[in-house]
Amino acid sequence: MGVTTVTDVRPPSSPELPTAVEQGGTAHADGGVLHTLFRSEQGGHEQVVLCQDRASGLKAVIAVHSTALGPALGGTRFHAYASEEEAVLDALNLSRGMSYKNALAGLDHGGGKAVIIGDPDRIKTEELLLAYGRFVASLGGRYVTACDVGTYVADMDVVARTNKWTTGRSPANGGAGDSSVLTAYGVFQGMRASAQHAWGDPTLRGRKVGIAGVGKVGHLLVDHLLKDGAEVVITDVRTESVARVVAEHPQVTVVADTEALIRTEGLDVYAPCALGGALNDDSVPVLTAKIVCGAANNQLAHPGVEKDLSDRGILYAPDYVVNAGGVIQVADELHGFDFDRCKTKAAKIFDTTLAIFARAKADGIPPAAAADRLAEHRMAEARRA
């Protein structure tokens with residue numbers, strides 16, 4: 001199976017066990033990664049696994065942030081990172097976000113995430129996915145995987161052949177199918193709650209909504225918004241994704257890129273639905289929308305951006321709250337999937353989002369900080385139980 005390097009930070013229940021490097025590997029990362037893992041407020045991870053299978057070309061990172069609420073659950077991202085360090089940092093950030101997402105979604109799961117390094121269009125093979133599945137299986141159920149950017153239901157069917165802790169499989173293989181369906185539905189519920197809070201009416205009718213990224217989730221969000229009576233503006237780096245949406249909905253407006261989208265005159269809602277970091281020091285000052293609510297993970301480029309949004313009077317619906325529909329779906333798969341039951345749970349994202357806005361107003365803090373407090377409280381309670 002190749003070489004595995006594990007930085008194993010034991011959970012709170014086993015503080016006497018030292019940091020271990022397993023299977024003959026040597027932990028190696030520069031100060032930036034180690035600082036995030038061990039010292040910064042963004043760290044606190046229980047376990048990070050560096051995976052390599054030379055035969056298939058697999059290089060991957062599995063990050064388990066917390067198992068306080070149960071086995072860590074989160075998807076597998078397949079992406080051509082600029083560096084290995086960037087891949088590790090992405091896994092750390094994404095897994096931490098999954099802990100918070102699962103906590104606020106009311107799931108009995110902690111947070112984890114995996115990233116496979118490389119261009120999926122070039123290196124993804126059955127051999128590579130099977131090797132990845134073996135690495136996930138070696139964790140013995142501490143981490144349950146699913147789809148994410150660059151991975152699909154068919155991929156999870158392959159991974160499941162070597163790892164029983166795999167969700168997001170096809171119905172033919174005992175799974176729930178594409179989790180993007182409920183991810184988009186949940187984001188729409190979060191957007192409705194945002195409209196209720198900002199304008200007193202839980203509808204996007206007559207509002208102009210800009211979506212950056214119309215891939216697996218974004219194109220389904222277009223459907224919900226148009227049915228609700230919204231005017232939709234889209235952009236995507238993939239021309240084929242834009243073409244698909246335009247073919248289905250010729251009434252949508254297309255702009256050249258995200259820079260043009262965020263400056264669109266009269267934009268009411270901005271929905272980042274691609275990769276993270278969309279809200280940063282460059283984009284926030286020029287953003288015309290009054291609400292940000294989208295499916296992308298880790299939208300805030302750095303701590304402090306949420307205050308910049310608040311100072312400009314822009315309402316931010318925390319990404320890990322509103323995009324939880326997909327994880328609700330794959331978690332249910334572990335217990336015998338029922339779509340209607342999952343959709344009912346995902347509909348509660350509307351109430352959770354409103355509760356976070358109310359908490360933020362009462363405490364005088366941005367919604368992102370209020371969401372963090374609520375999630376951290378649930379995880380802390382679980383540790384004390």
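Note that the structure is predicted; figures quoted are calculated from it, not measured. (Residues numbered from 1 in each chain as written. Predicted model: local features only at pLDDT ≥ 70, side-chain atom pairs only at ≥ 80, totals over all residues. Heavy atoms only, no water.)

Peer 1: Help me out: how do you make sense of the pattern of salt bridges in this one?
Peer 2: Close approach of charged atoms allows side chains of opposite charge to pair. Within the structure shown, the criterion is met by 18 salt bridges. Here Asp-148 ties to Arg-77 by a salt bridge, and the two come within 2.6 Å at their closest N and O atoms. With Asp-148 in the loop between strand S7 (143-144) and helix H5 (153-159) and Arg-77 in strand S5 (residues 76-79), this pair connects stretches of sequence that are 71 residues apart. When its relative accessible area of 11% is taken as the criterion, Asp-148 is described as buried. Here Arg-77 falls in the buried class, since its relative accessible area comes to 5%. A salt bridge links Asp-311 to Lys-307; the nearest nitrogen and oxygen atoms lie 2.9 Å apart. One end of the pair is Asp-311 and the other is Lys-307, both in helix H10 (residues 305-311) and four residues apart, which spans about a single turn. Overall, the relative accessible area of 53% leaves Asp-311 in the exposed class. Residue Lys-307 is classed as partly exposed on the basis of its relative accessible area, which comes to 48%. (Salt bridge = Lys/Arg side-chain N within 4 Å of Asp/Glu carboxyl O. Helix = DSSP H or I, 4+ residues; strand = E, 2+ residues; numbered from the N terminus. Buried < 20%, exposed > 50% of the residue type's maximum accessible area, 1.4 Å probe, protein only.)

Peer 1: Just checking my understanding: could you explain the sheet that holds strand S9 (residues 231-235) for this structure?
Peer 2: Strands belonging to one sheet form pairs held by backbone hydrogen bonds; the direction of such a pair is parallel or antiparallel. Taken in spatial order, the six strands make up an open sheet running S10-S9-S8-S11-S12-S13, and their pairing is parallel. Both outer strands of the open sheet, strand S10 (253-254) and strand S13 (315-316), are each paired with one neighbouring strand and no more. Strand direction decides the pairing type here: strand S12 (residues 291-292) and S13, joined by two bridges, are parallel. Bridge pairing links Ile-291 to Leu-315 in S13. (Pairing = 2+ DSSP bridges.)

Peer 1: Mind showing me how you'd approach the pairing of S9 here?
Peer 2: Remember that side chains alternate between the two faces of the sheet whenever the strand is regular. Counting buried residues along S9, four of its five residues qualify, which places the element largely inside the surrounding structure. Sheet topology places strand S8 (residues 208-212) next to S9; five bridges connect them, and they run parallel. When the bridges of S9 are listed, Lys-208 appears paired with Glu-231. With two bridges joining them, S9 and S10 adopt parallel strand pairing. If you follow Val-233 over to S10, its bridge partner there is Thr-253. For the handedness criterion, the β-α-β arrangement of S9, helix H8 (residues 239-248) and S10 is classed as right-handed. (Right-handed = clockwise from strand over helix to strand, strands pointing away.)

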